[in-house]
Structures are given as structure tokens and as C-alpha cells.
Amino acid sequence: MKKYDAIVIGAGHNGLANAAFLAKAGLNVVCLEKNDYIGGAAVSRELYKDWKYSNCSYVCSLLRPEIYRDLELHKHGLQVTPYGGSVQFMENGDYFASYHDPEAAHREIARHSKHDADAYTRYSTDTMRQCRLIRDFLLRTAPDPTSFKPKDIKELILLGNKFLELGEDRLYETLRFWTMSVADYLDEYFEKDVVKTAFSGSGIIGTALGIHSPGTAYVLLHHYMGDVDGNVGTWGFARGGMGAVSDSLAGAVQAYGGEVRSEAGVDQIIVKHNRVKGVALENGEEIYAPVVVSNMDVKRTFLNCMDEKDLPENFYKRVKNFKIRGSSGKLNIALDGMPTFPALPKGSELIGNADMHFIDSMERMELAYDDWKDGTWSKDPYIDCTIPSAVDPTMTPPGKHFMSCFVQYCPAQIEGRAWTSEERDGFTKSVIDQISNYSPDFKDLILHVETRTPQDIEDQIGITEGNIFHGELTMDQLLFNRPVPGYAQYRAPVNGLYMCGSSTHPGGGVMAAPGANAAREILYDLKLKNTVPENFGDD
Amino acid sequence: MIDKYDAIVIGAGHNGLVCSALLAKAGKKVLVLEANNQVGGAAITREFAEGYSASACAHLLYQLQPQVEKDLNLNLKLASKNMSTIVLSKGSEHVSYCGSKVTGVNDSDQKNFEEFTKRMTKFADLLKPYLNKAPPRLGTKNKKDLFTLAMLGFDLRRMGQVEMREFLRLIGMNIYDELDERFENPLLKGGLSLDSVLGTHLGPRSPNTILTYLYRMAGKHGEISLPEGGMGSVSKALSDCAEAAGVEIKTNAQVKKVLLAKGAATGVELNDGTVYNSEIVVSNADPKKTMLELVGARNVETRFTHRVDNIRMKGNAAKLHIALNKLPTIKGFSDADYGQRILIAPDESYVEKAFNPAKYRKSSPQPIMEITFPSVNDDSLAPSGGHVMSAIVQYAPYKHKSDWNEEARNNFKNAIYNVLKQYMPDIESCIHAMELLTPVDLENEFHITGGHWHHGEFTLDQFMFVRPVAGSAQYQMPIDGLYLCGAGSHPGGGISGASGRNAAQVILKKGNK
């Protein structure tokens, strides 16, 4: 029986970031992880001999640079390599690529549509403007608009001013952007179907909505607002796989004197007289601390690890109805060599260096969503396919490759019941067949496939329905509504209990912002000096 | 012929009539020009088969703003009021709701329904005053705008913390999840889903459908009535009121263009070349028609044109009129039940599935319907013994893949028959004549771009501050003296009269300065 100043449940990247900032402030912290490896959904695992699999999250961009700098993650081995762009394979044998280099991007779009190439400039400017606005909110706690506390009012005024600074015209644009569908948003710029399709993918990744559902334009933003080395909108691979992010954060925790313990699954959060006392582990051990922070999603935290009677009725009901829907699956594949894609010019830098998608029309995108609504996986899915080993040689033996296929949509259950093994095979086949249509030698190169449905992700990592954002990014679950209206400031309705996972503002995507923001609020309550960065140095 | 007026209103739709009447009451000399041969725009009653008449587009009255009735001293004759909504089951276990009461469901649903309508009514009441005035501009230092915004904030807070939080949570949400959370009965959920998607390009799973539901409640808390003599009598009452105030109304007078000089409106020219002069031109036509056709894209700034061009207004609702020899049999129906609002929307998923094909420019193989038999309470509409069925049928996308060729129409008609037969087994033997109006037909008959009832999708990105387009939500178009007064402007469609009334207020205020 040991006593700590604070216990963090779950060594996902947010839990680790939270623990690191608390440890940095001088608290005696322990971070508990149920699995025998740390990282939650940001891991590199050897699931096939000599291969490292980023088997959950697979790319890196949203990790807040302030956190990276502040916790000196580079010293703990984190290195992010930017990569190329994206490519859309088309049914007619052509392809459409997007590049970060504006000149190349323009030229490529013009190959498909002159009109769209011109519109692209306007599109980038407008989208980037929305990014700049939202980036300011990421490392801040969302104010409660219903509160009269000076702290909330001050923050509301500050945010209000940020909006006013936009000016009348931009304000309207922002208002529309936050509420419209990604398809409608793109329709205002582009005419060519494949161009729209290429940009629309970011509006639905990890989301149980279709490209035509209002609110998906905002989700697009969620995939644009990150950066690598200050290049906003760029994505990168963590060298050594996504586990490198978690390992570096764990390194930071330990460097500040904190502890990280694996194989320590929490069974129950101990509460007495509306105050948290500590946690009981699955092995019966009890650990005490006046502060307990949960990196688990809200459903798991409050519905699985607590007593209903310890929570206010309304809060419990809201958590129960919190929307956290399994909508994405994953295939992780070990390859004997680099597959060829005949549509691309020989020696194209795009091979292995870009996100590859095998869907080329808005209609196919939406049909993929209709399958999900019908309770099954998309028969013609949207796949975000990357080959990180092309950029990072540490992932696989020389000449071999690791391919990560993120698949939208894939339900947690089939028509309301568990997946059968035939259905899993069917899902795997849908993905492999779609890729094979564009890569004749792909099937022959496959050495090993790991298929993960949302249910697998939940079973292994613990995220309810395997939702990558720990909860849908719809308006009713964003900002001051996330996770539950009135409890958006990381404090649970039990004294001493906090939330620091992606169920809280600003949501998922390996940002580490929820973890950092929660640490700031905890230190505020403990009246300790703040160790968490807040202002945006780059913008 | 040159005539000079204080104001010219293009289109004698209900909003145009409301606007002109209010302007005339304030002493303006007003001319209303209507392209069709009768007033009313989409709110008319017309014969569709010999001896049988129906409201050609909108057929129920539930959103007419009380302020409009009051300002104009309207005294509408109603064939029936406070109608119930009956959601049909294939057996005889129909669900019926009216106000906050619902029958045919279990106790918990009854209790929840009461709570649900109470809350929705409260939220609708909160929105109501803001629907009945021009929206404030955002991001300006104008004191009046800031005051209106502050009042909105104050009104929100005044509801109390719990309700305000709930409002902020619900306003962007979809109806599907909310209904699923609250209710058990599939018919009840189906019916409320239909209420939330009627006239829109949205399914119950689409975020934003709570807003459309609230909008529906914002007139008279969802109280539904049927005007005697069909919707045309409402327009007739409005035009009588306008004429009594001195408004001159010309029918068969289609405006070809708005005349301009030095960036200001000077009058209008008709198709036949007649010119009428006025420094104030108010358009009841939709924003696309007004700005792109009547004014012309080259007369406004490109950015503005671009925005107008991007307004989403492709209709999705078809109108069905059936002349009946007798009323069809519906299991478990009393005589009085035929006089209510009847829905075919058996469950939430059914409604969502009906929506799916519309996304791919196809019509629903199993459509949802809002049905009335207006002749049950109003014998002026059909010959004795005969009856009229008037129904809104969704989804029938304006941009159909086939451009609504004969085959597509027949397919949709068959789909409608098949659905109707499931609930009214003898329907075929009752049919004397039938008329189906797709959004394309509605566009042609009523000159509404895209055949969209609301003159533009009713979604958050086209709502309030940004309706019809960003920067022009205050009825004044970027041409001096040109105003919008139709449903394309704030707050939106439905026979509400709010747009017309708000526009009149803005115009009069300008004139007084």
C-alpha cells in the first residue's frame, strides 16, 4: 500500500503528458497502465518477427509543439519525419495527387481541372485561417458559458475578442465553416469529383458521420490544424513508430521523478463522501492519492470503474448517452517488399511517401457511410494507407515494409451483435481487394495481416467502441460541451477526480492537449505553480 | 407607360403580401407584381381535377407568426384547428400526438413526450423573438447589433444553467440520437423524425435536425390548422388586407428584370416591356432568382455572386394530390381521424433510409409522407361524396439522375402506391385522378429556384446571421433600394410571414431616417 500525490489511470499519451506536467510541478505521481506495454493507442509493437507495428494511431502531426518543447521530448528520443502528401487512385486508371509544395499541388490539380487549381489557393487560405483560429483554443480550457465565475467570464471575453478580431466577413465564414458538411464546403470551391473526394477524407476520419452530414467540415479542421516543424497541415511519421511518442513522454515523466507502472489495471476508483481516495487494482492492491486523473474515456471511467451512486444523476445519464461510436477499423500488414502501383509514374516519390486512397468519388464516399448506418462494414471503404517503413528504416528489416491501413467505416458490432470470424475475414478481404485493384503484386507480398475491428481496439486498449477520438466530434460534444455540458473543465463531479483523456476538450488525435490542459487545472486547484504551456509561440 | 410608386414588390407570395400590406399601412404607395394569374405564390388553392381542388404546395398552417396576424388584423377562417398528428401503423395501433399529449404509447414514452415538448417549446420560444426581427450583424461596433446580441445571451442565461447547457448541446444535434435516448415507440420516433426533416435535404441522423424541429415549433408551438378553402384563402385574406390598405396588385405581370442606375434600383421591367418606377424594389422571389436573374450577376460584386450561387436550395419534397371517389379504409380509424394530420413514417431508420437515395439523386423507393384529407372538414374542395388527399412526399430530389423523365416519375408514383397500399389496402379503387408535382414542377409553377419550399436549405450554415448569404442577412441587398422579403431571407420558409414583416420594418426604418 503506497501513497502518492496523484494517480493517473492509463499510460496513453494524454495520461503520460498529464503525469509529466504534474511531476514537473513537484508532485509524486504514478501512472498506471493495464497492459504490459505503455502507450495506449500510440504504440509500436512487434506483432511479426522484427517488424514494428504502429498498430493503432499511425501518423503524427497534432502533437502540440509547445508540449514537445516544454517536456523536451527530443531528449527522450522523439523524432518526427514529415512525409509527402497524398494520392487518390482512380477507377479509370489515372490518379490524383496532392503535394505540400504549392507549385506542384497547383500543377497537379490543373491536370484534372484548371478551375479547381485556381480555387485551391482560395481553399488553402480559407482553411488555414480556420486552423489558426482553432489552434489558439487547443491549449486552453473551454470556458463555461453558463457560469458567472470571473475565470470563465474572463476567458469568454478573451475568446470573444479572438472572434471579433476576425472581422465581420470572416466571422460569418467561421460560423458557416463550423456548421456545414465537408461536401458542401468543398462544393463551394471545387468542381471535379476526384479533387473533392481527395480533400473530403479528412472530414470523416474517425467519425460516425458521412461527408454530407453537417458538422463534418469541422472534422476536416481536426486533421489540418497540426504541424511538423512549424509547417501547418503537414503530417509526419514518428521514427520507430507511434510508440516513440509514448516512450518519450514516459521518459519525461521519469526524468521529473514520476513513476510509470504497467500491468496495473484499475478495477475501481475509490470514492468516500464525494471525495476520491485512490484506486483499487484488478489484482486487489489499493493505491491512495488525493488526486486521481483518468486517461480512460468517460464511459469507461464513470460507467465501469465507479459506482452510479457516487455520481449526480444527470451527469451519469449524460455520460451514458455520450456518443462514442466505433466507426473505423485497421489493417496492419507486413510486406515482403514494396508493392507497385502501375497508375503512378515509374519512380514516383509518392510511393510509400504519401497517404494512399483507393476511392475516387463523393458518391462512393457517402455509400461507404450508408453501409455503416446499416450496421456493417463498408464494402467499398475509404482507406487511408501509409507505408511508414519507406521513410523510417527502423520499422522493418531492410527491403521489407510495414503498411498501415486505416479503414472507414467499420462498426463496433454487426447489426447489433458481435462480429463472427467470417465477417472479420470479409472485412479484411474488402480492404485487401480494394488495394489489389490498384496494385497487382500487393497480395503476393503479404507476410502477415493484423485485422482490428473497433471491438478489438476496445478489448486491447480499453477505448469504448475503439473510437479514435474517445467520442464523436459533433457540435454537441465539442468545446464547453465536451464531454458533458458543465463538466468540460477536466473536473469530474467528485472532488479530487479529473479527466485527461481525449473525451475532453479538444479531443483526440495524439495532441496531448487534453492531458496538458487537465494538468493545468489540477495545479490550479492545488494552488501550485503552473508548469503547462499555454500560449502559441508559432502563430 | 410610366408609373411611379414608393415601393414595388416582386411576387405576391404570402411574404410579399404581408410586406406590401405593412408598407401601405405606413402610407407608402405600393405595387405588387405577380407572374401567375392568381396571388399567393406557393400558398394557393387550385383545381387539379375537375371539381377537385387542393392547396397546391403548402397545405397546413402551423408557423404563421402571431405578430403578423396581429399587425394585419387577420381573421382567418379555419376548417379545423389544433389538429392531431397520427402516425400510421400497419395494424390499428396508431400513435397520435397533439401538443404535449401522446396516445398509443407506453407510460414512460408519454411522460418523456411531455418533458420533450415542454423543453422544445421553451427553446422555440427563446428563438421566436429573434425570428421576428432582422438578425443583428456580427463583429460590428453598432450599438443596436451589440444590444440584440447581448439580449440573446441574456435570454439564454435567464433560462437557468441547466436549460442553457441543454440548449447549447442540442442546437447543433441530430434528432435521431435525441429521440433514441428518450423514446421507445418506433412510430413516435418515426413521426417526430419526419417532423424534423420535412422540406429539407436532411435525414434524421443528420446533425442540424433539432434546429429544424425547433423552427417548426416556433410559430404556434407546433399547433396545426387547416384553413377553410385551402391555403389560397390565407393568401386571399392577405391580399384583401393589402388592397384595403391601398396596395395595387397586378397578376399576370412577370418581372423580367430589376432596373438599375448607378448601383441603385430604379424600378422593374416586365416581360411585356412595361416599366414601373420606384426607388424601392422588394423581391419576394428567392435570392438566386432575384440576384442572378432579375438583377444579373454582372451588377453585383463577384464575391457576393459567388455566395448567392452557393446557396443550397435543391428541393426534395414532392406534392401529391389525389381525387378520391370515397375515403380509403384505414384500419382502426374513426371518422374524425381522417380529419387529422396523418404520417407514414414507421420508424427512425425507415425515415433515414428514405433519405439515402436522395444523396445519390434518386427518389425514395419507400417514401415518407405527410397526408391530409382536407375535404373531410371542408366540403368546398371536392364534389359531394368525393374527397381530396393532399400529401407531401419525400424524398424526391430536384436534380434527379434522370432529370425526372417519364420513367422516373412512374417509378416514384409506383413507390407511392406501394407504400399507400400497405396502410390503405383499398386505395386504388378510390382513386379518381391524381397529380404528382416534383420539385421541378414546383419550380416551373411557382418560380422557386430548385423547387425548394424554404427558398434555401434550413441549416445552421444558412441560418440567421448568414441567411441568405453572409453579410446580407438584414434584407437589404448590396444594391441601394433593393430588398428581399421572401423565405430565402431570415428566418426562412413555412407560411410564417416573418420574412415579409421583418423586411417591411427594415424598409420603413430606413425611410424614416
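What counts, and at which threshold
- Residues numbered from 1 in each chain as written.
- Chains lettered and ligands numbered in written order.
- Predicted model: local features only at pLDDT ≥ 70, side-chain atom pairs only at ≥ 80, totals over all residues.
- Heavy atoms only, no water.
- Helix = DSSP H or I, 4+ residues; strand = E, 2+ residues; numbered from the N terminus.
- Rg over C-alpha atoms; globule rule 2.2 N^0.38 Å.
- Buried < 20%, exposed > 50% of the residue type's maximum accessible area, 1.4 Å probe, protein only.
- Contact = heavy atoms within 4.5 Å.
- Areas by Shrake-Rupley, 256 points an atom, 1.4 Å probe, with all protein chains shown as cover.
- Lys, Arg positive; Asp, Glu negative; His and termini not counted.
- Charge placed at Lys NZ, Arg CZ, Asp CG, Glu CD.
- Domains from an automatic or database assignment.
- Salt bridge = Lys/Arg side-chain N within 4 Å of Asp/Glu carboxyl O.
- Buried area = accessible area lost by both parts, 1.4 Å probe.
- Polar contact = N/O pair within 3.5 Å; in protein donor to acceptor, adjacent residues only side chain to side chain.
- Nonpolar A, V, L, I, M, F, W, Y, C, P; charged D, E, K, R; others polar.
- Patch = residues over 30% accessible without salt bridge, like charges linked within 9 Å, V, L, I, M, F, W, Y side chains within 5 Å.
- Phe/Tyr/Trp six-rings, centres within 6.5 Å; stacked < 30°, edge-to-face > 60°.
- Lys NZ or Arg CZ within 6 Å of the ring centre and 35° of its normal.
- 1 Å grid on protein atoms, 1.4 Å probe; cavity = no way out; pocket = protein on both sides within 12 Å on 5 of 7 lines; lining within 4 Å.
- Points joined across faces, edges and corners; volume = space filled by probe spheres on them.
- Disulfide = S-S within 2.5 Å.
- Pairing = 2+ DSSP bridges.
- Axes fitted to C-alpha atoms, helices over the stretch in contact; angles between N-to-C directions.

Right, let's get into the overall build of chain B. Along its length, chain B carries 16 helices and 21 strands. Computed over its C-alpha atoms, the radius of gyration of chain B comes to 22 Å, within 12% of the 24 Å expected for a compact globule of 513 residues. Out of the 513 residues belonging to chain B, those deemed buried represent 66%. Put simply, of all contacts in chain B between residues at least 6 apart along the chain, 74% involve residues at least 24 apart. Split by element, the accessible area of chain B, about 18500 Å² in all, is 48% carbon and sulfur. Each charge sign in chain B was given a centre, from 59 positive and 55 negative side chains, and these centres are 8 Å apart.

If you tally the helices and strands in chain A, you get 17 helices and 22 strands. In summary, chain A has a C-alpha radius of gyration of 22 Å against a globular reference of 24 Å for 539 residues, a match within 12%. Taken over the C-alpha atoms alone, chain A extends approximately 65 × 60 × 45 Å along its principal axes. A sequence separation of at least 24 residues applies to 72% of the contacts in chain A between residues at least 6 apart. Put simply, chain A shows about 18900 Å² of open surface, and 49% of that area lies on carbon and sulfur atoms.

Moving on, we come to the domain arrangement of chain A. A common way to report how large an interface is uses the accessible area buried once the components associate. Residues and elements named next belong to chain A. You can read the domains of chain A as domain 1 (2-42 + 62-79 + 239-322 + 471-525) and domain 2 (81-230 + 324-461). The C-alpha-based centres of domain 1 and domain 2 are spaced at 27 Å. With 42 residues of domain 1 at the interface, the matching set in domain 2 holds 35 residues. Counting across the interface, domain 1 meets domain 2 through one salt bridge. K151 is the partner of E521 in a salt bridge, and the nearest nitrogen-oxygen pair spans 2.9 Å.

Next up on the list: the domain arrangement of chain B. Residue and element names in this part refer to chain B. Taken domain by domain, chain B holds domain 1 (3-43 + 231-312 + 456-511) and domain 2 (109-217). On a C-alpha basis, the centres of domain 1 and domain 2 stand 28 Å from each other. Counting residues at the interface gives 21 residues for domain 1 and 20 residues for domain 2. Of the roughly 1700 Å² buried where domain 1 meets domain 2, counting both sides, 68% is carbon and sulfur surface. There are zero salt bridges connecting domain 1 and domain 2. Here domain 1 and domain 2 share 10 residue pairs in polar contact (both at pLDDT 80 or more) between them. A per-class count over the side of domain 1 that touches domain 2 returns 10 nonpolar, eight polar and three charged.

A surface patch of nonpolar side chains, about 310 Å² in accessible area, is lined by F148(A), I153(A) and I157(A). F148(A) gets classed as exposed once you look at its relative accessible area, which sits at 61%.

Along the chain, the position of F148(A) falls in the loop between α4 (114-138) and α5 (150-165). Residues F148(A) and T197(A) lie 49 residues apart in sequence; the distance between their C-alpha atoms is 45 Å. If sequence neighbours within four positions are ignored, F148(A) has contacts with I153(A) and R157(B).

Under the defined criterion, the tally for this structure stands at 39 aromatic pairs over all chains. Centre to centre, the rings of Y185(A) and Y189(A) are 5.2 Å apart; their planes meet at 70 degrees, and the pair counts as edge-to-face. When sorted by exposure, Y185(A) lands in the same class as Y189(A), which is buried. One aromatic cluster in this structure is built from Y120(A), Y123(A), F177(A), Y185(A), Y189(A), F190(A) and F199(A). Here the basic side chain of K151(A) rests over the ring of Y524(A), its NZ or CZ set 3.9 Å away from the ring centre. Cation over ring: R205(B) sits above Y176(B), and NZ or CZ is 4.3 Å from the ring centre.

A few words now on the interface of chain B and chain A. Chain B puts 38 residues into the contact, and the matching count from chain A is 42 residues. Roughly 3700 Å² of surface becomes buried between chain B and chain A when both sides are summed, with 52% attributable to carbon and sulfur atoms. Our enumeration of links across chain B and chain A arrives at 17 salt bridges. A salt bridge links R307(B) to D169(A), with the nearest nitrogen and oxygen atoms 3.4 Å apart. Counting the contacts that link chain B with chain A gives 27 residue pairs in polar contact (both at pLDDT 80 or more). Elements supplying a minimum of two residues to the side of chain B that touches chain A: α5 (161-170), α6 (175-182), α11 (302-309) and α12 (348-359) of chain B. No other element matches α5(B), which puts six residues into the side of chain B that touches chain A. When its residues are assigned to classes, the side of chain B that touches chain A shows 11 nonpolar, 11 polar and 16 charged.

This part covers the layout of surface pockets. Quantified by volume, the largest pocket comes out at close to 1900 Å³. Elements with a minimum of two residues in the lining of the largest pocket: α5 and α6 (168-179) of chain A together with α4 (143-158) and α5 of chain B. Across the lining of the largest pocket, the residue classes break down as 32 nonpolar, eight polar and two charged.

Before going further, it helps to examine the state of the cysteines. Residues and elements named next belong to chain A. Per the stated rule, a full pass over the model turns up zero disulfides over all chains. We note that C56 lacks a disulfide partner, and the nearest cysteine sulfur, in C410, lies 13 Å from it. Its relative accessible area of 10% is what places C56 among the buried residues.

In this section: the sheet that holds strand β19 (residues 387-394) of chain B. All names here are of chain B. Pairing within the open sheet is mixed, and its eight strands lie in the order β9-β8-β7-β17-β18-β19-β16-β20. This sheet does not close on itself; its edge strands, each paired only once, are β9 (101-103) and β20 (431-437). With direction set aside, neighbouring strand axes in the sheet form an average angle of 20 degrees. Across six bridges, strand β16 (residues 317-324) lies against β20 in antiparallel orientation. Bridging across to β20, A323 finds its partner in A433. Together, β16, β17 (341-344), β18 (368-372), β19 and β20 form the strand contacts of helix α13 (residues 406-423), whose direction differs from that of β20 by roughly 125 degrees.

Take the sheet that holds strand β3 (residues 29-32) of chain A next. All names here are of chain A. An order of β12-β3-β2-β16-β22 is seen for the five strands of this open sheet, with the pairing classed as parallel. The open sheet is flanked by β12 (259-261) and β22 (497-499), the only strands paired with a single partner. Neighbour-to-neighbour, the strand axes of this sheet turn through a mean angle of 20 degrees, independent of strand direction. Bridge analysis of strand β2 (residues 6-9) against strand β16 (residues 291-294) gives four bridges, and the strand direction is parallel. By the bridge assignment for β16, V8 is matched with V293.

Under the criterion given, the structure shown has 74 salt bridges over all chains. The shortest N-O distance in the salt bridge between D374(A) and K353(B) comes to 3.8 Å. Of this pair, D374(A) sits in the loop between α13 (362-373) and β19 (382-386) while K353(B) is found in helix α12, placing the two residues in two different chains. Relative accessible area serves as the criterion here: at 48%, K353(B) is assigned to the partly exposed category. Residue K256(B) is joined to E269(B) by a salt bridge in which the shortest nitrogen-to-oxygen separation is 3.5 Å.

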